[in-house]
Amino acid sequence: MRSLTGLRALVAPGCPLLLLCLLAATRLDRAEGDPADSSFTSLPVREEMMAKYSNLSLESHNISWTEQSSAPVEKNITLERPSDLELICQFTTSGDLNSVNVTWKKDDVFLENFDVFNTTKVGNTLYSQYRFIIFNSKQMGNYSCFLNGEEELRGTFNIRVPSVHGKNKPLITYVGDSTVLKCECQDGLPLNWTWYMSNGSVQVPIDVYKNDKYVINGSYANETRLKVKHLLEEDGGSYWCRAVFQLGESEEHIELVVLSFMVPLKPFLAIIAEVILLVAIILLCEVYTQKKKNDPDDGKEFEQIEQLKSDDSNGIENNAPRLRKNESVEQ
Amino acid sequence: MAKVTRAGSVAPPDGGWGWMIVAGCFLVTICTRAVTRCISIFFVEFQTYFAQDYSQTAWIHSIVDCMTMLCAPLGSVVSNHLSCQAGIMLGGLLASTGFILGSFATSLKHLYLTLGVLTGLGFALCYSPAIAMVGKYFSRRKALAYGIAMSGSGIGTFILAPVVQLLIEQFSWRGALLILGGFVLNLCVCGALMRPITLKEDHPSPEKNRDHGTQRGDCPQASPYSPLTKEWAQMCLCGSLKQEYGFLLMSDFVVLAVSVLFMAYGCSPLFVYLVPYALSVGVSHHQAAFLMSILGVIDIVGNITFGWLTDRRCLKDYRYVCYLFAVALDGLCYLCLPVLQSFPLLVPFSCTFGYFDGAYVTLIPVVTAEIVGTTSLSSALGVVYFLHAVPYLVSPPIAGWLVDTMGSYTAAFLLCGFAMIFSSVLLGFARIVKRLKSTQLRFLAKESDPKRPLWTNGSVAYSVAKELDQKDEESMAAAVTGCNLT
């Protein structure tokens, strides 16, 4: 990859000889030791690549500091397709810019000086720009710029493929039911989706054609749905959905829990028992109080009649008790 | 038999078993209104499971709400003819069956039928009889009792919403529906609490009571008296219907009914459109949700405090005025709403609107009881809640259409505000007209018969009706004697 960026720098001013020397040098000085990189150092492939990616979009990202803010800054960049990437670190100060030294790192490995990062000063601001083409998954990572002056300023660009979102919480289903597991990618359009089920640590791809149990479809390209029918208790576990992009893959994990119908039935039966008990108690209380009221002792009859008198005391006279009272008075 | 009934006739206890009735009604309000609001929490689950969009799943909530209100008169009829206890228990069983069947649903249509129609019908059988029962047990502290009972919907929503969310996370929507079905079965417990009470009638004479008692109680026993059976049965049916729904012809009640239509039209869109309106003026999601929470909590506070307030001696005779004042204030809040364009301005709006919304909800049964009396309260409440149904159904879509065509919420809110203000103005106007007529009649009556007592609780209907009732009594007495001869 280092060799590639070196290539870009030399291709731009158009210096083929120097290019060839460099190519030889990098092939000998294999610090990374990655056999795949050598394919990018050969000229025909490079030209092919330039032709293939000739209409790349330019993405420019920038981190800036002033004298007051000197905390390390991180910026997240999501890329799904090959792009022409430009990372800029800028620092504005009234002090001395000549003492500031800029270095770039990718994942804690220093980038060589012949790679294309150039530093310019405009007025009071220092610009350090790193420009390259991203086209495979090994180039993804964290790119940091270090400005060593009076204080060390650090900025990091985290370059990732778009992430996939599933469901954070476990999905609860019942035996015999069917369910839909959904994964979606908000920031990009994956080329392909695959589903895996993992028992323990082994990820087993899901076979859609085996029987009628699994159906994979999605209404839009940025989401996928896995429908699992005729659930059994063994179907519970971890499911993984993986989105494939040109620049890499990202995956998400969904937990499926299959319960038997007894599980919610127990609280339900408990509540039903409580309801029946309460209704029985209340109705029995009511019958008991009614019995007490309707069961007249002999001595209470007079009191009842007194109650009748007081109830009807809205001016209408009730003759019968009055007569009896008169009789008792006369006697 | 008649003697025992008369011995059991009591004045409203205003306490004692009445508080158990209030607790029962509180639980009924939780199990019906709060559970209806919590059904919307299931929508996301239904959308994923049945792969339908929001408008299809939102029908479930509309069907339940509509059925609960539309079938409210049915609830009153059932509880009048069977008994309040039997009616509410039947309602509880129906609603619970709806939830349990819904947990086995395999398509959205099944949910419309079980969770929508069956549960809505069950709720309708419970709601108005329970509220009417509270009115029978309280007179002095009626508004406070209603306040406590109606606060169940606010408190219930507050408590049930996180509980339902937890149930869905633990058991998925099927298990959650099953357990909610068990919870709703507690309506049967509330039903058992509703001990029947026979009150003294509102009208003064006990002979009238006895005649009415025989009219209802002896109707099935009239069949042995064969020659007069048909006439008697017809008179019986007409008489009982007339007694049950006689209030429909009262001018007071007609005015109340029309005003309730406009008031229900005005009050429902706010709960649907406050959050979208707040988001459109730049309030964040969290703050908009906070506005709704404030609305809910202050609603509860308004229920209880306004109920207590209107029970005070100074305000007791002015409950009607307090009711129309609360409705008018809510209308004014609506008119001010398009001007409030930031969060610090919307918070006092939420507080005010929520308080008076709780206030007038508490006073609806109280005002209805004042107009029709406690015997017909159950049927009257059934009709009043029935009149809520169509505006509830129609008003949010109309407001939504206005928002879409005008491009802003102003027109929708102004329409709702004017509807509520019109409702309260109508009530105020009717009351003023009645006052003028009663002062005129009182003047005339004083001149004609100084001895006859006049019922001066502000209602013209009573003094005029007394004459009519006496004429009824005479015809009834003649019929009874005629019957007894054969």
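Residues numbered from 1 in each chain as written. Chains lettered and ligands numbered in written order. Predicted model: local features only at pLDDT ≥ 70, side-chain atom pairs only at ≥ 80, totals over all residues. Heavy atoms only, no water.

**Q** What am I meant to see in the overall build of chain A here?
**A** What chain A contains, in helices and strands, is seven helices and 17 strands. Out of the 331 residues belonging to chain A, those deemed buried represent 36%. Excluding contacts between residues fewer than 6 apart, the proportion of contacts in chain A whose partners are at least 24 apart in sequence is 67%. (Helix = DSSP H or I, 4+ residues; strand = E, 2+ residues; numbered from the N terminus. Buried < 20%, exposed > 50% of the residue type's maximum accessible area, 1.4 Å probe, protein only. Contact = heavy atoms within 4.5 Å.)

**Q** I tried to follow unusual backbone geometry on my own but got confused; where do I start?
**A** Trans peptide bonds make up most of the peptide bonds, and negative phi angles are found at most residues other than glycine. Residues and elements named next belong to chain B. Even without being glycine, A51 reaches a positive phi, approximately 55°. With respect to the helices and strands, A51 occurs in the loop between α3 (43-50) and α4 (54-70). Judged by its relative accessible area of 60%, A51 falls in the exposed class. One non-glycine residue with positive phi stands out, namely S172, at about 60°. Within the secondary structure, S172 is located in helix α8 (residues 142-184). Note on S172: relative accessible area 9%, which makes it buried.

**Q** What's the story with the packing of aromatic side chains in this structure? I'm lost.
**A** Given two aromatic rings, their pairing is described by the distance between the two centres and the angle made by the two planes. Throughout the structure, instances matching the rule amount to 30 aromatic pairs over all chains. Plain terms: the ring middles of Y49(B) and F50(B) are 5.0 Å apart, the flat faces sit at 85° to each other, and that makes the pair edge-to-face. On the basis of an interplanar angle of 50° and a centroid distance of 5.1 Å, the ring pair of Y127(B) and Y385(B) is categorised as tilted. Of this pair, Y127(B) sits in helix α7 (residues 108-137) while Y385(B) sits in helix α17 (residues 377-406), and the two are 258 residues apart along the sequence. For Y385(B), a relative accessible area of 5% gives the class buried. These aromatic residues form a ring-pair network of at least three members: Y273(B), Y277(B), Y334(B), F349(B), F353(B), Y409(B) and F413(B). Geometry around F110(A) places K105(A) over its ring, the cationic atom sitting 4.9 Å from the centre. (Phe/Tyr/Trp six-rings, centres within 6.5 Å; stacked < 30°, edge-to-face > 60°. Lys NZ or Arg CZ within 6 Å of the ring centre and 35° of its normal.)

**Q** Is there a simple way to explain the packing of helix α2 (residues 17-38) of chain B against α8(B) in this structure?
**A** For any two helices packed against each other, one specifies the crossing angle of their axes together with the interaxial distance. Residue and element names in this part refer to chain B. Where α2 contacts α8, the axes come no closer than 5 Å and their chain directions differ by 50°. In terms of their interaxial angle, α2 and α8 are classed as oblique. Considering how the two elements wind past one another, α2 and α8 form a crossing that is right-handed. (Axes fitted to C-alpha atoms, helices over the stretch in contact; angles between N-to-C directions. Parallel < 35°, antiparallel > 145°, perpendicular 65-115°, else oblique. Left-handed = near helix turned anticlockwise from the far one by under 90°.)

**Q** Is there a simple way to think about the confidence of the model for chain B in this case?
**A** All names here are of chain B. Of all residues in chain B, 84% attain a pLDDT of 70 or more, and the chain-wide mean is 82. Confidence, expressed as mean pLDDT per element, reaches its minimum in chain B at helix α10 (residues 206-217) with 43 and its maximum at helix α6 (residues 84-102) with 94. When the criterion is pLDDT under 50, residues 458-473 qualifies, and its contacts beyond four places in sequence or with other chains add up to 18 contacts. Predicted confidence for residues 475-486 stays below pLDDT 50, and this span has eight contacts to residues more than four positions away or in other chains. For this predicted complex, the interface score ipTM comes out at 0.73, while the overall pTM is 0.69. (pLDDT = per-residue confidence, 0-100.)

**Q** I'm lost on the sheet that holds strand β1 (residues 58-65) of chain A in this one. Help?
**A** Hydrogen bonding along the main chain pairs the strands of a sheet, whether they run parallel or antiparallel. Residue and element names in this part refer to chain A. Taken together, four strands build an open sheet; the order of strands is β1-β3-β7-β6 and the sheet is mixed. Strand pairing shows two members of the sheet lacking a second neighbour, β1 and β6 (117-122), which therefore form its edges. Strand-to-strand, the axes of this sheet are offset by a mean angle of 20°, without reference to chain direction. Two elements, β1 and strand β3 (residues 83-92), share eight bridges in a ladder whose sense is parallel. Across the sheet, residue I63 finds its bridge partner in β3, namely C89. (Pairing = 2+ DSSP bridges.)

**Q** Could you clarify how one ought to interpret the environment of T410(B) in this entry?
**A** All names here are of chain B. Within the secondary structure, T410 sits in helix α18 (residues 410-448). Overall, T410 belongs to the partly exposed group, its relative accessible area being 34%. Reaching out from T410, the side chain makes a polar contact with the side chain of S408 at a distance of 3.2 Å. (Polar contact = N/O pair within 3.5 Å; in protein donor to acceptor, adjacent residues only side chain to side chain.)

**Q** Could you clarify how one ought to interpret the nonpolar core in this entry?
**A** Soluble globular proteins tend to pack their nonpolar side chains together in the buried interior. Within the largest apolar cluster, 135 residues are counted, with the highest numbers of intra-cluster contacts made by F46(B) and Y323(B). The dominant element in this core, judged by the number of residues it contributes, is α8(B), at 16 residues. Setting aside residues no more than four positions away along its own chain, F46(B) makes contact with A51(B), T57(B), I60(B), L111(B), L115(B), W173(B) and L177(B). Grouped together as the second largest cluster of nonpolar side chains are 47 residues, W65(A), L111(A), L147(A) and A243(A) included. (Core = buried A, V, L, I, M, F, W, Y, C linked by side-chain atoms within 4.5 Å.)

**Q** Just to check I follow, could you spell out the state of the cysteines for this structure?
**A** By definition, a disulfide is the covalent link that joins the sulfur atoms of two cysteine residues. All names here are of chain B. Enumeration over the complete set of coordinates arrives at two disulfides over all chains. Here the disulfide map of chain A reads 1-2, 3-4, the bonded cysteines being numbered as they appear in the sequence. We note that C267 lacks a disulfide partner, and the nearest cysteine sulfur, in C416, lies 8.9 Å from it. (Disulfide = S-S within 2.5 Å.)

**Q** I would appreciate a short explanation of a negative patch on the surface in the present structure.
**A** On the surface, E67(A), D96(A), E150(A) and E151(A) cluster together into a patch of negative charge. Along the chain, the position of E150(A) falls in the loop between β8 (141-148) and β9 (152-160). (Patch = residues over 30% accessible without salt bridge, like charges linked within 9 Å, V, L, I, M, F, W, Y side chains within 5 Å. Areas by Shrake-Rupley, 256 points an atom, 1.4 Å probe, with all protein chains shown as cover. Salt bridge = Lys/Arg side-chain N within 4 Å of Asp/Glu carboxyl O. Lys, Arg positive; Asp, Glu negative; His and termini not counted. Charge placed at Lys NZ, Arg CZ, Asp CG, Glu CD.)

**Q** Looking at this structure, how should I read the UniProt feature "transmembrane region" (unreviewed entry) in chain A?
**A** With numbering matched to this structure, UniProt assigns "transmembrane region" (unreviewed entry) to residues 268-288 of chain A. The annotated region residues 268-288 of chain A carries 100% helix and 0% strand content, and the separation between its end C-alpha atoms amounts to 30 Å. (UniProt positions renumbered as here; feature names shortened; annotations may be inferred.)

**Q** Help me out: how do you make sense of the sheet that holds strand β14 (residues 214-217) of chain A in this one?
**A** Residue and element names in this part refer to chain A. Taking strand neighbours across the sheet as the criterion, the three strands line up as β11-β15-β14 in an open arrangement whose pairing is antiparallel. If you trace the sheet from one side to the other, it starts and ends with β11 (179-184) and β14, each paired once. If you compare each strand with its neighbour and ignore which way they point, the axes differ by 15° on average. Pairing of β11 with strand β15 (residues 223-228), which is carried by six bridges, proceeds in the antiparallel orientation. For C183, the partnering residue across the bridge sits in β15 and is T224.

**Q** Where do I start with the side chain of T368(B) in this structure?
**A** The topology assignment puts T368(B) in helix α16 (residues 343-372). Contact partners of T368(B), with chain neighbours within four places excluded, come to F253(B), L256(B), G373(B), L377(B), A380(B), L381(B) and V384(B).

**Q** Quick question: what am I supposed to make of the environment of V180(A) here?
**A** Residue and element names in this part refer to chain A. Inspection of the secondary structure puts V180 in strand β11. Between the alpha carbons of V180 and I216 there is a distance of 9.4 Å; along the sequence they are 36 residues apart. The residues touching V180, leaving out its near neighbours within four places in the chain, are L171, R225, L226 and K227.

**Q** Help me understand the confidence of the model for chain A in this model?
**A** Where the model shows low pLDDT, its predicted coordinates should not be examined in detail. All names here are of chain A. Scored by pLDDT, chain A has a mean of 76; 71% of the residues are at 70 or more. Mean pLDDT in chain A bottoms out at helix α3 (residues 35-41), which sits at 42, and peaks at helix α5 (residues 262-294), which reaches 93. Across residues 28-46, where pLDDT falls below 50, the model places 24 contacts with residues more than four positions away in sequence or in other chains. Low pLDDT, under 50, characterises residues 325-331; the stretch is placed with one contact to residues that sit more than four places away or in other chains.

**Q** So what exactly am I meant to see when it comes to helix α15 (residues 319-336) of chain B here?
**A** Owing to its 3.6 residues per turn, the α-helix aligns residues three or four sequence positions apart on the same side. All names here are of chain B. The end-to-end C-alpha distance of α15, which contains 18 residues, comes to 26 Å, matching closely the 26 Å that a straight helix rising 1.5 Å per residue would cover. Considered for burial, the residues of α15 that qualify are R319, Y320, C322, Y323, L324, A326, V327, D330, G331, C333 and Y334. On its buried face, α15 sits against α8, α12 (251-280), α13 (285-311), α14 (313-316), α16 and α18. (Expected span 1.5 Å × (residues − 1).)

**Q** Just checking my understanding: could you explain the side chain of H61(A) for this structure?
**A** All names here are of chain A. Structurally, H61 is set in strand β1. By relative accessible area, H61 is classed as buried at 14%. A polar contact of 3.1 Å, which involves the side chain of H61, links it to the side chain of E59. Excluding residues within four positions of it along the chain, H61 makes contact with K75, I77, L85, E86, L87, I88 and F157.

**Q** Looking at this structure, how should I read the pattern of salt bridges?
**A** One side chain can pair with another of opposite charge once the charged atoms of both are near each other. Counting across every chain of the model gives 14 salt bridges over all chains. A salt bridge links E249(A) to R242(A); its shortest N-O distance comes to 3.9 Å. By relative accessible area, R242(A) is classed as buried at 17%. Note that K434(B) is salt-bridged to D252(B), the shortest N-O span being 3.1 Å. Pair noted here: K434(B) is in helix α18 and D252(B) is in helix α12, with a separation of 182 residues, a long-range link. The exposure class of D252(B) is buried, given its relative accessible area of 16%. Salt bridges linked by common partners bring K182(A), E223(A) and R225(A) together as one network.

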